[in-house]
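Notes for the structure review
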Amino acid sequence: MILDLNGSKVFSKLDLNAGYHQLELHPDSRNITTFSTHVGLRRYKRLSFGISSAAEVFQNSLSTALEGLQGVRNISDDIIVFGQTCEEHDRNLEAVFKRLEEKHLTLNKEKCEFNKTQIEFYGYVFSSEGISADPRKVDAIKNSEIPSNASEVRSFLGMTNYVGRFIPNYSTITAPLRELTKQNVKFEWQPNQQKAFDMLKRELTSDKVMAYFDPSKETTMIVDASPVGLGALLTQEGKVISYGSRALNDVETRYSQTEREALAVVWGCEHFHLYLFGQDFKVISDHKPLEAIFNNPHSKPPARLERWRLKLQPYHFRLQYRPGKTNAADYMSRHPSKSTRINSLSDIAEEYVNYVTENAVPKTLTLAEFSDETQKDPYLQQVIEAIISEKKIPESKDLDKTIETFRRRQNELTLHRDRNHSVLLIENRLVIPRSLQQTVIKLAHEGHQGIVRTKQLPREKVWFVNIDKQVEEFCKGCVPCQASVPGQKYTPLKMSPLPNRPWSEVSMDFCGPFPSGSYLMVVVDDYSRYPVVESLSKLTAKAVIPKLDNVFALFGIPDVVKTDNGPPFNGSLFKEFAKHLGFQHRNITPLWPQANGEAERFMKTIGKAIRAAHAEHRSWKQELYSFLRNYRATPHATTSATPAELLLGRKLKTRIPEIIPSSKNTEISRKDQKEK
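**Remarks on the overall build of the protein**
Of regular secondary structure, the protein possesses 26 helices and 23 strands. Within the protein, the fraction of its 676 residues that count as buried is 47%. Once local pairs closer than 6 in sequence are excluded, the contacts in the protein between residues at least 24 apart make up 67%. Accessible surface, the protein: about 35600 Å² in total, of which carbon and sulfur atoms supply 50%.

Below is the structure:
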């Protein structure tokens, strides 16, 4: 590859979007990627990260896709395009774009670089002058400080000794430094020591000691941590590929030594991600407890170490203990580079808060609008000022219930604040400004559910003072609701016993006809109360069976289907359909619709939603979708769980703002990683 770029002066770098996921797995291979989740078995349809052969397969596939093109090479999902002139480069780049389009491959625009006279690519710097090592690989050595005592000299010599066989006259060069490590010798840094120190630093960053990364060779990362910094060396066959170090922040300096050593492993893997991701490698550490923590998948370390271990799951490595006296990274950890950017734990926490804030605001509201209304709300501003100043919210002199409520729950509040937005969260729910509270209640009341269900839906996703009282007042003042509530009181329906599992017994009935001449076929799961509604033009077995077959294709075949004695269910067609699919058809007592209680009760609910849509002069079919979305996502009064959770095993996202917590199963993740 290096010879191919000889004489090139113009460069571009392309990065594929989503990498491995652009390759579709053959149906015969998909079962190999099967994994278990809380909702059953799932499998990948596309090449996933973590498959041992993914790197080789992807490299070969992309190389084959680019085969025959001039002035283009790739390593993994990174593509470099080059040319000796701008015109030649542009022709090569255009040919690459056409080939990628033909192969249906897409690029990540943000990571692409075009028409550069100098470009960094896989640890090299390519320019019109030729090829050189990336300066960032040797900054940790070039910027290292002079040793201040004999112990630091020993540490520095330990690092140089690791590659000493590649340095000519190594013993002669290090003689002045070794003098300072002898007993009963006063530590005095003289010009001859400085000369030896500078010469060793030059040798450590020279081509004799450093080598270019070769994916086919065994890779080793040596890490170490001190009370002030982290150090890491990436090596292959005894030669250094890259040096790395960074200082610890104030929080990290208070970690235990085991936590600092583990942090060195995490930081080293992320720092050398370009070289380590997608291949097996070895990690050397002088802290023996890490062997049991990282090599044993059944170990149960403290929460912080557990989080870091999960963070390292994309990497395939084996950690090996080696005593500290021979650790080549010890010197860099004690003399960390001050320029390396530190990703502190607080930064990660802020990124998480920012993520949930961006994704919790409903589509009907923008984050800017939400933030503006928060800034205009005097109560929320008083709370925000107290949080910023790290003071307790003062007691309200006029016994204002709003401030008192915030004061009692101050420890549950989180503030997301940047240059443009300020948003409050309580636990994992958004705090709604007073001006937007009615908007949120309207969203919860879409489909005109009753007071109880309208209260249950927003309480799971958002929070504001007196939320229940405001919802009750809104529902009682809703004219379409009052107009559609039947005046006649019916005898309470006799409900059936709860089935043993979801979608085991379903109830079925019809609603209509409507002015358009259409009917609604309603199928309700007796266990979860999850409703499925299909539109029909006529009530015949030939019209009902395909619709019902479609429902069973989505959710599976139930054990029992309970219906009335209507014409679609009395003929031989429906009897043969039941026998073909293997479910029991149970007819209720003739002329006693209350026996089909679950379906009959839902008919009352859905009928109210349709009448309310007519009262508002809206499309009843469109309003039906809004009603079903909210109904399925609202906890049922009997089960205290949403129909979607009981049937599908997950909550449904609605237009109400909410924060969706991570549901990653760590035990499944560990097993998945082990099996792969």
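That covers the picture; the talk isn't over yet.
**Looking at the packing of aromatic side chains**
All chains considered together, the criterion is met by 16 aromatic pairs. Here F97 and F114 contribute two aromatic rings whose centre-to-centre distance is 6.2 Å and whose plane-to-plane angle is 65°, an arrangement assigned as edge-to-face. Placement of F97 in helix α3 (residues 86–102) and of F114 in strand β6 (residues 113–116) is noted, with a sequence separation of 17 residues between them. Overall, F97 belongs to the partly exposed group, its relative accessible area being 35%.

**Details of the packing of helix α18 (residues 451–459) against helix α19 (residues 467–476)**
Running from N to C, α18 and α19 point in directions that differ by 140°, and their axes come no closer than 9 Å. Taken together, the axis directions place α18 and α19 in an arrangement best described as oblique. Two packed elements cross with a definite hand, and for α18 against α19 that hand is right-handed. In contact with I451, T454, K455, P458 and R459 of α18, α19 contributes I467, D468, V471, E472, C475 and K476. Partitioning the contact of α18 with α19 into residue classes produces five nonpolar, one polar and five charged.

**Quick look at the side chain of D525**
Summarising the element assignment, D525 is placed in strand β20 (residues 519–525). In this structure D525 is buried but unpaired, with R529 as the nearest side chain of opposite charge at 8.0 Å. If we skip the residues at most four places from it in the chain, D525 touches P502, W503, S504, E505, V506, Y530 and L647.

**Some words on helix α21 (residues 541–555)**
The terminal C-alpha atoms of α21, which comprises 15 residues, lie 21 Å apart, in line with the 21 Å expected from a rise of 1.5 Å per residue. Those residues of α21 lying buried are A541, A543, V544, I545, L548, V551 and F552. The elements touched by buried residues of α21 are β19 (505–511), β20, β21 (531–536), β22 (560–563) and α22 (572–581). Backbone geometry just after α21 places G556 at a positive phi near 100°.

**Concerning the packing of α21 against α22**
In contact at an axis separation of 10 Å, α21 and α22 are set at 20° when each is read in the N-to-C sense. In this view, α21 runs roughly parallel relative to α22, as classed from their interaxial angle. Remark: the crossing between α21 and α22 carries right-handed chirality. For the pair α21 and α22, contact is made by A541, K542, I545, L548, D549 and F552 and by L573, F574, F577 and L581, respectively.

**Topic: the environment of R407**
By secondary structure assignment, the location of R407 is in helix α16 (residues 401–408). Judged by relative accessible area, R407 falls into the partly exposed class, the value being 25%. Residues R407 and V383, spaced 24 residues apart in sequence, show a C-alpha to C-alpha distance of 8.2 Å.

**Looking at the sheet that holds β21**
The strand order across the open sheet built from five strands is β21-β20-β19-β22-β23, with neighbouring strands paired in mixed fashion. Looking along the sheet, the strands with just one partner apiece sit at the ends: β21 and β23 (584–587). Shown here is a sheet whose adjacent strand axes are inclined to one another by a mean of 25°, direction ignored. Sheet topology note: the β20/β21 ladder contains six bridges and is antiparallel. Across the sheet, V524 pairs through a bridge with P531, a residue of β21.

Rules used in this analysis
Residues numbered from 1 in each chain as written. Predicted model: local features only at pLDDT ≥ 70, side-chain atom pairs only at ≥ 80, totals over all residues. Heavy atoms only, no water. Helix = DSSP H or I, 4+ residues; strand = E, 2+ residues; numbered from the N terminus. Buried < 20%, exposed > 50% of the residue type's maximum accessible area, 1.4 Å probe, protein only. Contact = heavy atoms within 4.5 Å. Areas by Shrake-Rupley, 256 points an atom, 1.4 Å probe, with all protein chains shown as cover. Phe/Tyr/Trp six-rings, centres within 6.5 Å; stacked < 30°, edge-to-face > 60°. Axes fitted to C-alpha atoms, helices over the stretch in contact; angles between N-to-C directions. Parallel < 35°, antiparallel > 145°, perpendicular 65-115°, else oblique. Left-handed = near helix turned anticlockwise from the far one by under 90°. Nonpolar A, V, L, I, M, F, W, Y, C, P; charged D, E, K, R; others polar. Lys, Arg positive; Asp, Glu negative; His and termini not counted. Salt bridge = Lys/Arg side-chain N within 4 Å of Asp/Glu carboxyl O. Expected span 1.5 Å × (residues − 1). Pairing = 2+ DSSP bridges.

By themselves, these are just geometric observations and shouldn't be taken as functional.
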